[in-house]
Amino acid sequence: MTVTANWSYPTAIRFGAGRITEIADACAVTGMKKPLLVTDKMLASLPITTATLDLMEAAGLGKGLFSEVDPNPTEGNVNDGIAAYRAGGHDGVIAFGGGSGLDLGKVIAFMVGQTRPLWDFEDVGDWWTRADADAIAPIIAVPTTAGTGSEVGRASVITNAQTHEKKIIFHPKILPAVVIADPELTVGMPGFVTAGTGMDALSHCLEAYCSPHYHPMSQGIALEGMRLVKDNLLIAFHDGGNLAARGEMMSAAMMGATAFQKGLGAMHALAHPLGAVHNTHHGTTNAVVMQAVLRFNRPAIEDKIEMAARYMGIEGGFDGFHDFVSMMNRTLGIPENLTALGVHDPDIDSLVASALADPSVGGNPVEMTADNTRALLESCL
């Protein structure tokens, strides 16, 4: 064998219903004595958050909370979070919530001890080596959705509010030291959030599986992650209190984010600029463009998709898998196209340029050019 590759896999995960009660012990493991819980505005006042803050207070950890988190977090949110962290004398971050809360919490912990600006740490080449690794605060991640998998990721997506571009901020040490994956925290998710985040998990697994890069561990994880979504997302959507399905979806989300070390592709290359400019929900955007991207990549992935379909118990090979995605979108109430999602009068040239500059294009099975990316985007409108 002549293939060479570098591999890295994630972190300590405490999985199971009710394990949020271990938050104080997780803090002790990481050395936190006064953590700042970072979450989004919607979650801040919900019972799952207030109960977690009560657990922290009962353990003598205080009730530090920062919730000025936009759906697509910006550098302004980062700066405000750093200010809150310093003002409260905190010594670590509990990143709590969906992708926005998790991503922002991780970046606050990363940036609070740095002297260079945020964009100096974009995931370009070896820019991550510019950071002072010893100045990164400890991080605990507590997901309350099942989609992004940011809880097991070494990067965060932050929107540049000036350029309306989503940037990936990367450092190996922003991988959380401990994850508490408690499906009870996801029970109250509205149906549309369950749908969008669940399809995000599928997109991560699917794009990683189709990526041409060599990473057999990711390949296997991505394949099983797709099966878990197929078997559990609709159950969780229709019966939000089903803890078994909720738990399997949390696993699928973490598996997708683990697997996409192998690469992402056109779904994410399109979804990132669309979310940054039109403020669309990331997972839902991936779901909207998923069928078009499958067709776009068909010449390069048909055999792989046929194998995946057999494993997942889907008849009809590639066409059957394509129909499965269509059925999922219809059942989950995903908009039929980007126009229905709220993308009106888009600047096609700007979106195409941003898509081609996105790191995700490197994992797409078919080379993306200005012409074929334009045609792909227009087919989604």
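Residues numbered from 1 in each chain as written. Predicted model: local features only at pLDDT ≥ 70, side-chain atom pairs only at ≥ 80, totals over all residues. Heavy atoms only, no water.

1. Let's talk about the pairing of strand β4 (residues 93-97)
Put simply, the rule is: Relative accessibility decides the category of a residue: with a 1.4 Å probe and only protein chains considered, values under 20% of the type maximum give buried, values over 50% give exposed, and everything between is partly exposed. A run of H or I in DSSP counts as a helix once it spans at least four residues, and a run of E counts as a strand once it spans at least two, with each numbered from the N terminus. One bridge is not enough; two strands pair if DSSP finds at least two bridges between them. Note on handedness: a clockwise path from strand one over the helix to strand two, with the strands aimed away from the viewer, defines a right-handed crossover.
By the criterion of burial, β4 is predominantly enclosed, with five of the five residues buried. Sheet topology places strand β2 (residues 36-38) next to β4; three bridges connect them, and they run parallel. Considered in β4, the bridge of Leu37 is made with Ile94. Where β4 and strand β5 (residues 139-143) come together, five bridges link them in parallel fashion. The residue bridging Ala95 from the neighbouring strand is Ala141, located in β5. In the classification by handedness, the crossover that spans β4, the intervening helix α5 (residues 99-111) and the parallel β5 is right-handed.

2. Looking at empty space enclosed by the protein
For the record, the criterion: Two kinds of site are reported from a 1 Å grid over the protein atoms alone, namely cavities, where a 1.4 Å probe fits but cannot get out, and pockets, open sets with protein on both sides within 12 Å along at least five of seven lines, and residues are called lining when an atom falls within 4 Å of a point. Grid points are joined across faces, edges and corners, and a volume is the space filled by probe spheres set on the points.
Under the counting rule described, the total for this entry stands at one cavity of 30 Å³ or more. In this structure, the largest cavity encloses a volume near 70 Å³. Secondary structure elements with two or more residues in the lining of the largest cavity: α6 (191-210) and α10 (282-312). In terms of residue count, the dominant contributor to the lining of the largest cavity is α10 (four residues).

3. What to know about the side chain of Gln219
Under the convention used in this document: Two N or O atoms count as a polar contact when they lie within 3.5 Å, although within protein this holds only if one can serve as hydrogen donor and the other as acceptor, and sequence-adjacent residues are included solely when both atoms are side-chain atoms. Contacts are assigned to residue pairs with any non-hydrogen atoms lying within 4.5 Å of each other.
Structurally, Gln219 can be placed in helix α7 (residues 216-238). At a separation of 2.9 Å, a polar atom in the side chain of Gln219 contacts the side chain of Lys262. Filtering out sequence-adjacent residues up to four positions away, Gln219 remains in contact with Ala208, Tyr209, Lys262 and Lys304.

4. Points about the packing of aromatic side chains
Defined as follows: Geometry of aromatic contacts follows a simple scheme: Phe, Tyr and Trp rings, the Trp one being its six-membered ring, pair when their centres are within 6.5 Å, and the pair is stacked under 30 degrees between planes, edge-to-face over 60, tilted otherwise. Two conditions define a charge located above a ring, namely a distance within 6 Å from the ring centre to NZ of Lys or CZ of Arg, and an angle within 35 degrees of the ring normal.
By the definition in use, this model includes three aromatic pairs. On the basis of an interplanar angle of 90° and a centroid distance of 6.3 Å, the ring pair of Trp128 and Phe170 is categorised as edge-to-face. Note that Trp128 is positioned in the loop between α5 and β5 and Phe170 in strand β7 (residues 165-170), a separation of 42 residues in sequence. Arg130 extends its terminal NZ or CZ atom over the ring of Trp127, reaching a point 4.3 Å from the ring centre.

5. A look at the sheet that holds strand β3 (residues 64-66)
Which entries qualify depends on this criterion: In this analysis an axis means a line fitted to C-alpha atoms, helices contributing only their contacting stretch, and an angle means the value between N-to-C directions, from 0 to 180 degrees.
Pairing in this open sheet of six strands is parallel, and the strands run β1-β8-β5-β4-β2-β3 from one edge to the other. Sheet topology places β1 (12-15) and β3 at the edges, where each strand pairs with a single neighbour. Going across the sheet, the axis of each strand differs from the next one's by a mean of 20°, ignoring polarity. Taken strand by strand, α5 contacts β2, β3, β4 and β5, and its axis lies near 165° from that of β4.

6. Re the packing of α7 against helix α11 (residues 317-332)
Defined as follows: The scheme is simple: roughly parallel for angles under 35 degrees, roughly antiparallel for over 145, roughly perpendicular for 65 to 115, oblique for anything else. What makes a crossing left-handed is the near helix being turned counterclockwise from the far one by less than a right angle; a clockwise turn instead makes it right-handed.
It is at 11 Å that the axes of α7 and α11 come closest, and there the two elements cross at 20°. As summarised for this structure, α7 and α11 are arranged roughly parallel, according to the angle between their axes. In the crossing of α7 with α11, the sense of the turn from one axis to the other is left-handed. Along the contact surface, α7 presents Met226, Val229, Lys230, Leu233, Leu234, Phe237 and His238, while α11 presents Phe321, Phe324, Met327, Met328, Thr331 and Leu332.

7. Some remarks on the side chain of Ser100
Along the chain, Ser100 falls in helix α5. Residue contacts for Ser100: discarding those within four places in its chain leaves Asp40, Val69, Asp70, Pro71 and Pro73.

8. Here's the deal with the environment of Pro172
Note on placement: Pro172 falls in the loop between β7 and β8 (178-181). Look at Pro172 and you get partly exposed, because its relative accessible area is 30%. C-alpha of Pro172 to C-alpha of His282: the two residues are 110 residues apart in sequence and 23 Å apart in space. With residues up to four places along the chain from it excluded, the contact list for Pro172 reads Trp128 and Arg154.

Read these as layout, nothing more, since geometry by itself doesn't imply function.
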